[in-house]
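Breakdown of the fold
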Amino acid sequence: MGLHRVLAPAGVLPQAAERLDASPAVGADEVRVRVERLNLDAASYRQLAGAHGGDGPAIRAAVAGIIAARGKMHNPVTGSGGMLIGVVEEAGPDSPLGLRPGDRVATLVSLTLTPLQVYDGLARWDGLGEQVPCDGHAILFARSVAAVLPADLEPELALAVLDVCGAPALVRRHLADRVLVLGAAGKSGSLALAAARGRHTVGVVRDERERAALEESGLAGEVVVADARDAVGLPAAVGAPADLTVVCVDVPGCEHAAILATRPGGTVIFFSMATSFPAAALGAEGLAADVTMLIGNGYVPGHADYAIGLLRSEPTLRRLFRARLADLAV
């Protein structure tokens, strides 16, 4: 579990640690990956961009500073990180991950618990997008999860999908007749809609541009432009309450609207690191809302293969992802 990598405070797991030991020597059950690209989670990047006024060099310096100070990419404000792709350099003899030197992999565990060191100061990144080209190394533990990258997909596309591959797997596990997705034009939102194909789906987006893109994709049965933070306006905008609501919005304040848009006895999956779980729990109590609320655990057995399978089988989904990557590259 990586306890030996925790520098402070003593006795906690790597995700809760303030600092990790990111030294490159691998233990018997560890794997070292030469890092090619980081993918910052959407909530973390949005917070950093807002805090620095969209100034690319300042955002880059902030991310490099977090990594240097903490030995991992763990945003101290949002508490979130992201994931990475790279090439396996060395695998300890007792590693159970089945990885070999030369394998190109994506890590399916958060950067908030992954020992990480960068060598280039992120010099090739302009700070203006979630994907961060870099040179460095990361350490995987015996309890880490990683996937060998598919050869038929460009690495940037595979990274974007695998970053949120837990979302469609959770939707499939809790699938219901009427599915509402908040943040439906984003990465996790569009994958959630793809997983709910064949059910009555409603996608909530923030503006007309996202509406047009999602309607063209055909992934959602209905598309609604609404503010997912509006606890009164959102339920009115979407109409009939949902059996399953999936929150994929990368801004805070969506908890109460999601609860009120879900029928009594229904389920809300908060697949967003911007979620305030106390606000969700106390809000549901204060509203006398009988809903099951789930934290969007990013790990579900088979989640990587399932998400990649959706991408391969849904051409419109691939177009949405590629358009998003193109926008971030501008």
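Computed from a predicted model, the values in this text were never measured in an experiment.

**Here we look at the packing of helix α4 (residues 166-173) against helix α10 (residues 303-313)**
Closest axis-to-axis distance for the α4/α10 pair is 8 Å, and the angle between their directions is 95 degrees. Between α4 and α10, the angle falls in the class roughly perpendicular. On α10, the residues touching Gly-166, Pro-168, Ala-169 and Arg-172 of α4 are His-303, Tyr-306, Ala-307 and Leu-310. In terms of residue class, the contact of α4 with α10 is built from five nonpolar, two polar and one charged.

**Description of the sheet that holds strand β13 (residues 262-270)**
Pairing is parallel in the open sheet, where six strands are placed in the order β11-β10-β9-β12-β13-β14. Pairing within the sheet leaves two strands with one partner each, and these edge strands are β11 (222-225) and β14 (292-295). Geometrically, the sheet is characterised by an average inter-axis angle of 15 degrees between neighbouring strands, direction not taken into account. Sheet topology note: the strand β10 (residues 200-205)/β11 ladder contains four bridges and is parallel.

**Quick notes on the state of the cysteines**
Inspection of every chain in the model, using the stated rule, returns zero disulfides. Among the cysteines around Cys-165, which has no disulfide bond, Cys-248 carries the closest sulfur, lying 13 Å off. Here Cys-254 is not disulfide-linked; the sulfur of Cys-248 is the nearest cysteine sulfur, at 10 Å.

**As for the environment of Pro-241**
Structurally, the position occupied by Pro-241 is in the loop between α7 (233-238) and β12 (242-247). Separated by 206 residues in sequence, Pro-241 and Val-35 have C-alpha atoms that sit 44 Å apart. In contact with Pro-241, other than residues within four places in its own chain, are Arg-178, Ala-261, Thr-262 and Arg-263.

**As for the side chain of Arg-37**
Structurally, Arg-37 can be placed in strand β3 (residues 31-40). Filtering out sequence-adjacent residues up to four positions away, Arg-37 remains in contact with Met-83, Leu-84, Ile-85, Gln-131, Val-132, Pro-133, Cys-134, Glu-156 and Leu-159.

Conventions used here
- Every chain is numbered independently, its residues counted from 1 as its sequence is written.
- Per-residue local features are limited, in this predicted model, to residues with pLDDT of at least 70; the limit for side-chain atom pairs, both in listing and counting, is 80 or more; totals at the level of whole chains, interfaces and linings are taken over all residues.
- Side-chain metrics in this entry use all non-hydrogen atoms of the structure; hydrogen atoms and water are not considered.
- Only the stretch in contact is used when a helix axis is fitted, and all axes are lines through C-alpha atoms; the angle between N-to-C directions ranges over 0 to 180 degrees.
- Comment: elements are numbered from the N terminus, with helices defined as DSSP H or I runs of at least four residues and strands as E runs of at least two.
- The cut-offs work like this: below 35 degrees is roughly parallel, past 145 is roughly antiparallel, 65 to 115 is roughly perpendicular, and the gaps in between are oblique.
- Should any heavy atoms of two residues lie within 4.5 Å, those residues are considered in contact.
- All residues other than Ala, Val, Leu, Ile, Met, Phe, Trp, Tyr, Cys, Pro, Asp, Glu, Lys and Arg, Gly among them, are scored as polar; the first ten of these are nonpolar and the last four charged.
- Strand pairing requires that DSSP identify at least two bridges connecting the strands.
- Only a pair of cysteine sulfur atoms within 2.5 Å qualifies as a disulfide here.

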